[in-house]
Amino acid sequence: MARLSPTQVSQKAMISFFFHDTTEDGLPPIWKCKKCLQYKKKSGGWTNLLNHLKACVGPKYQEEYVQVVKDNVFAAFKPTVSKREADMFGWIEWVVMRNMPLAEVDDEITRTGMRYGPITSKLLRKMLFLLQAEVNCQIKEKLPDQIVIVFDGWTEGSDHYIAVHASYIDPISNVAVETLLSIRPLLCDGVLGMTAADHVHHISKTLSLYGKTNENIVCLAGDNCSVNQRMAKLLGVPLLGCGSHKFNLAVKSWMADKPTLIKIVARLSILMKKASTLKNTAALRQYTCLEAVTENATRWSSQYMMIARFFQIKSHLEQVESLAPSMLSFVEVRELQASFTHMKKFNEVTLALQKQGITCLNVRDIFDHVLEDYPEFQKHLGVDANIVQDKVFEIATTKIMKGEPLNDIESRAVIRLRKKTNAGLPHSLLEDDNDSPTSAESGEEMVSQINYADTIQQRIKRRKSALGSVYDDYICLDLLVGTSVSCERLFSIAKHILTCVRKSTSPLVFEAILFLKMNRHFWNDVIVGKAMGRTLAPADEF
């Protein structure tokens, strides 16, 4: 068989060897490098991709290709990773994804049982920061110019952390994604207050790490509290109130209007606390493996869980003599059971609002159905409820997603949602390309790929067919999240890292671990290898 020389190599075959073709129908050609995972746009020829190969794989990429395929034309490209880089990747992945203490890599028994070469916890700590800086660059490359900031606070010990997510439309898949940007203490670097201005400064500093400013914020998404409302005013952007928070307040208000129910729940809370003592728990364990559940003051759902558990173990509680004086009467149980029927429905709505990827249109559709059965929720769930800070903005965005016409006031309220030139593409895709579709063509593609529930999607298509494509100049509004539960989900994961034996973990180390854990899809062994070639600069730290 004749030996293949670099001059006889097909450029298309070589590109297919080093890249994945991720082009979607109707969109510009996009190729993903198999080594560094970056996305590159194909111009009229292969020049842009070949230039990337020269920088990423090396100037001898042609010889490498010929060497691999000379004996097997079906061979796949495997990025060159040294044993040291592979070992480092293995240790980082194990520590980050399995919530292991950093000091575990120093343990001789652990080292004996692992197939990776030994490293120290000091080196691992440094590598976490280097990899975090590398992933920051990956996110910076992908982050478009129009984003929604989703944020919330969490207090753990003596630190108050602020989680900042960016919701945006992925330019490749054309679907909405949420990416963790940071989770750092608010009270640091000389900041001694927790005012709205301090929060704005924190978000601005976070955005600067990714080459963005406050001008790139389409809107904020968070709880409907006074601090968040003030933050939106300082930034000059709308606030999308968290739908889960609104519903929580609505249910609390519903329960507050029922004084009899409140008294019964208070008595039940006393009963369940008594049933949670050591002696009563031991006595209850003779009849059932289920334990009593107590409430907390944060969310109404804790009361629901307490009531649900009461009905599960009611007959067993009655068998514990020491609890007899605190047991509810027959009338109280009947009253509680009647209210519990409604609370079951409320819990189903709460779970629906906590689903991943729920948009503000989904939330509005859920609220409209709830209001049909519970009109008393109007003051919290209505489109004109007092709790809604930017009523016009929320009405206008819902209309756009439903395909309904806007008036002049509503059009001005959503001016930040209008498309900007190249707003949907990451910086690596912004090379000149005469074959690129026009903005109108891109707009039609974005609108056509909005991902809704089936029934809602059919209704939107019918309305759009009647109205025409009047909203092609707006970005895809799936990035407008309906809740900030992604932050709540993050805090639940964080509790598995900051366990009782790891309370002294540095906030910077904690953030690096959680940041890499939540952004796992942005790094692999090749990215770890690139991080090992970095030096930790002051700019890489907050």
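Above this note sits the structure.
Attention in this report is confined to the structure presented alongside it.

Bringing the state of the cysteines into the picture now. Within the structure shown, the criterion is met by zero disulfides. Between C360, a cysteine without a disulfide, and C219, which holds the nearest cysteine sulfur, the sulfur-to-sulfur distance is 8.1 Å. For C360, a relative accessible area of 9% gives the class buried. Here C487 stays unpaired: no disulfide links it, and the sulfur of C242, its closest cysteine neighbor, is 8.9 Å away. The exposure class of C487 is buried, given its relative accessible area of 0%.

With that settled, the discussion passes to the layout of surface pockets. Within this model, the largest pocket holds a volume of roughly 1,000 Å³. As for the largest pocket, its lining consists of 36 residues, and the residues nearest its centre are D152, D223, T298, R299 and E488. Elements that contribute at least two residues to the lining of the largest pocket include exactly β4 (147–156), β5 (159–169), α8 (226–235), α9 (243–256), α12 (301–317), α13 (330–353) and α20 (485–494). Its residues assigned to classes, the lining of the largest pocket shows 13 nonpolar, 16 polar and seven charged.

It is worth spelling out the packing of α9 against helix α10 (residues 259–275) at this point. Where α9 contacts α10, the axes come no closer than 7 Å and their chain directions differ by 100 degrees. Here α9 lies roughly perpendicular to α10, going by the angle between them. Contact residues: W254, M255 and A256 in α9; P259, L261, I262 and V265 in α10. Broken down by class, the residue content of the contact of α9 with α10 amounts to seven nonpolar, no polar and no charged.

Within the secondary structure, A250 is located in helix α9. Taking the C-alpha atoms as reference, A250 lies 7.9 Å from K379; in sequence the two are 129 residues apart. Apart from residues no more than four positions distant in its own chain, A250 is found in contact with F377, H380 and L381.

Basis of the calculations
Residues numbered from 1 in each chain as written. Predicted model: local features only at pLDDT ≥ 70, side-chain atom pairs only at ≥ 80, totals over all residues. Heavy atoms only, no water. Disulfide = S-S within 2.5 Å. Buried < 20%, exposed > 50% of the residue type's maximum accessible area, 1.4 Å probe, protein only. 1 Å grid on protein atoms, 1.4 Å probe; cavity = no way out; pocket = protein on both sides within 12 Å on 5 of 7 lines; lining within 4 Å. Points joined across faces, edges and corners; volume = space filled by probe spheres on them. Helix = DSSP H or I, 4+ residues; strand = E, 2+ residues; numbered from the N terminus. Nonpolar A, V, L, I, M, F, W, Y, C, P; charged D, E, K, R; others polar. Axes fitted to C-alpha atoms, helices over the stretch in contact; angles between N-to-C directions. Parallel < 35°, antiparallel > 145°, perpendicular 65-115°, else oblique. Contact = heavy atoms within 4.5 Å.

Functional significance is not addressed by these values, which are geometric in nature.
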